[in-house]
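Listed below, chain by chain, are the residues.
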Amino acid sequence: MEGDLPGFAAPVHRALAEPILLAGAPRALAIVNGTLAAAIGIGLHLWLVGLFLAVAGHGLAVVAARRDAQILPVARRHLALPHLFES
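Here the residue numbers are simple positions, counted from 1 along each chain's written sequence. Side-chain atom pairs in this predicted model are given and counted only at pLDDT of 80 or more, local residue features only at pLDDT of at least 70, and totals for whole chains, interfaces and linings cover all residues. Side-chain measures were taken over the full set of non-hydrogen atoms in the model, leaving aside hydrogen atoms and water.

Some details on the overall build of the protein chain
Okay, so step 1: A tally of helices and strands in the protein chain yields 3 helices and 2 strands.
Okay, so step 2: The globule rule used for comparison is 2.2 Å times the number of residues to the exponent 0.38, while the radius of gyration itself is calculated over C-alpha atoms. For 87 residues, the compact-globule estimate of 2.2 N^0.38 gives 12 Å, and the C-alpha radius of gyration of the protein chain, at 20 Å, exceeds that figure by more than 25%.
Okay, so step 3: Across the 87 residues of the protein chain, 13% fall into the buried class.
Okay, so step 4: Any pair of residues with heavy atoms lying within 4.5 Å of one another is described as a contacting pair. Across the protein chain, every contact between residues at least 6 apart in sequence was considered, and the portion connecting residues at least 24 apart equals 54%.
Okay, so step 5: Two residue types count as positive, namely Lys and Arg, and two as negative, namely Asp and Glu; His and chain ends fall outside the count. Just so you know, the charge point we use is NZ for Lys, CZ for Arg, CG for Asp and CD for Glu. Mean positive and mean negative side-chain charge positions of the protein chain (6 and 5 charges, respectively) differ by 13 Å. In this text, helices come from DSSP runs of H or I with a minimum length of four residues, and strands from runs of E with a minimum of two, each type numbered from the N-terminal end. Accessibility here uses a 1.4 Å probe with only protein chains present; expressed as a share of the type maximum, an area under 20% marks a residue as buried, one over 50% as exposed, and anything in between as partly exposed.

Side note on the pattern of salt bridges
Opposite charge on two side chains allows them to pair when their charged atoms are near.
Okay, so step 1: Whenever a carboxyl oxygen of Asp or Glu lies within 4 Å of a side-chain nitrogen of Lys or Arg, that contact is scored as a salt bridge. Counting across every chain of the model gives 1 salt bridge.
Okay, so step 2: Ionic pairing is found between E18 and R14, a salt bridge with its closest N-O pair at 3.0 Å.

Overview of a nonpolar patch on the surface
Okay, so step 1: Here a patch means residues that are over 30% exposed by relative accessible area and free of salt bridges, tied together within 9 Å if like-charged and within 5 Å if nonpolar (Val, Leu, Ile, Met, Phe, Trp, Tyr). Per-residue accessibility takes into account occlusion by the displayed protein chains alone, with areas from the Shrake-Rupley method and a 1.4 Å probe. A surface patch of nonpolar side chains, amounting to about 270 Å² of accessible area, comprises L44, L46 and V49.
Okay, so step 2: Among the secondary structure elements, V49 is positioned in helix α2 (residues 47-67).

Some details on unusual backbone geometry
Okay, so step 1: The backbone of A23 sits at a positive phi, close to 60°, despite the residue not being glycine.
Okay, so step 2: Since its relative accessible area comes to 64%, A23 is described here as exposed.
Okay, so step 3: In this structure, H45 takes a positive phi of about 60° despite not being glycine.
Okay, so step 4: Summarising the element assignment, H45 is placed in the loop between α1 (27-43) and α2.
Okay, so step 5: Classification of H45 as exposed rests on a relative accessible area of 56%.

Examining the packing of α1 against α2
Okay, so step 1: Two elements in contact, α1 and α2, have axes whose closest approach is 7 Å; the angle formed by their N-to-C orientations is 170°. Relative to α2, the element α1 is oriented roughly antiparallel. Across from L29, A30, N33, L36, A37, I40, G41 and I42 in α1, the residues of α2 making contact are W47, V49, G50, L53, A54, G57, H58 and A61.
Okay, so step 2: Split by residue class, the contact of α1 with α2 holds 11 nonpolar, 5 polar and no charged. Lines fitted to C-alpha atoms define the axes here, with helix axes fitted over just the stretch in contact, and angles between the N-to-C directions of these axes take values from 0 to 180 degrees. Roughly parallel means an angle under 35 degrees; roughly antiparallel means over 145; roughly perpendicular covers 65 to 115; every other angle is labelled oblique. Residues were grouped as follows: Ala, Val, Leu, Ile, Met, Phe, Trp, Tyr, Cys and Pro as nonpolar; Asp, Glu, Lys and Arg as charged; and all remaining residues, including Gly, as polar.

Some details on the environment of I31
Okay, so step 1: Mapped onto the elements, I31 comes out in helix α1.
Okay, so step 2: On a C-alpha basis, the gap between I31 and H58 in space is 9.7 Å, while along the polypeptide they are 27 residues apart.

Observations regarding α1
Okay, so step 1: Relative to the 24 Å expected for 17 residues at 1.5 Å per residue, α1 spans 23 Å between its end C-alpha atoms, a close match to the ideal helical length.
Okay, so step 2: Buried within α1 we find A30, N33, A37, I40 and G41. Looking down the long axis of α1, one finds its buried residues gathered within 105° of arc, a one-sided arrangement. Pointing more than 90 degrees away from the buried face of α1 are the exposed residues V32, T35 and I42.
Okay, so step 3: The inward-facing, buried residues of α1 contact β1 (21-22), β2 (25-26) and α2.
Okay, so step 4: Residue H45 follows α1 closely and has a positive phi angle near 60°. A helix is expected to span 1.5 Å for every residue after the first. Arc, as used here, means the arc of the directions from the helix axis to the C-beta atoms.

So this is what it looks like as structure tokens:
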């Protein structure tokens, strides 16, 4: 590392830079998806619909996380900002 001053380098652990994923999907999205699927499957006794929702929702979340691991914070900011360019 050229240009670094001796004694002023600090290692950064990978856990500080990588997002928290649960089976490849963002953790919060996986928890919400699982809770919704369980509520439909167990609460409404629609087992197949709940199972399909869990598999499809988690699959979509994994695809979105592979494309951009910070998809949830970006989506929250997008929804929070006013729509300035609408005509």
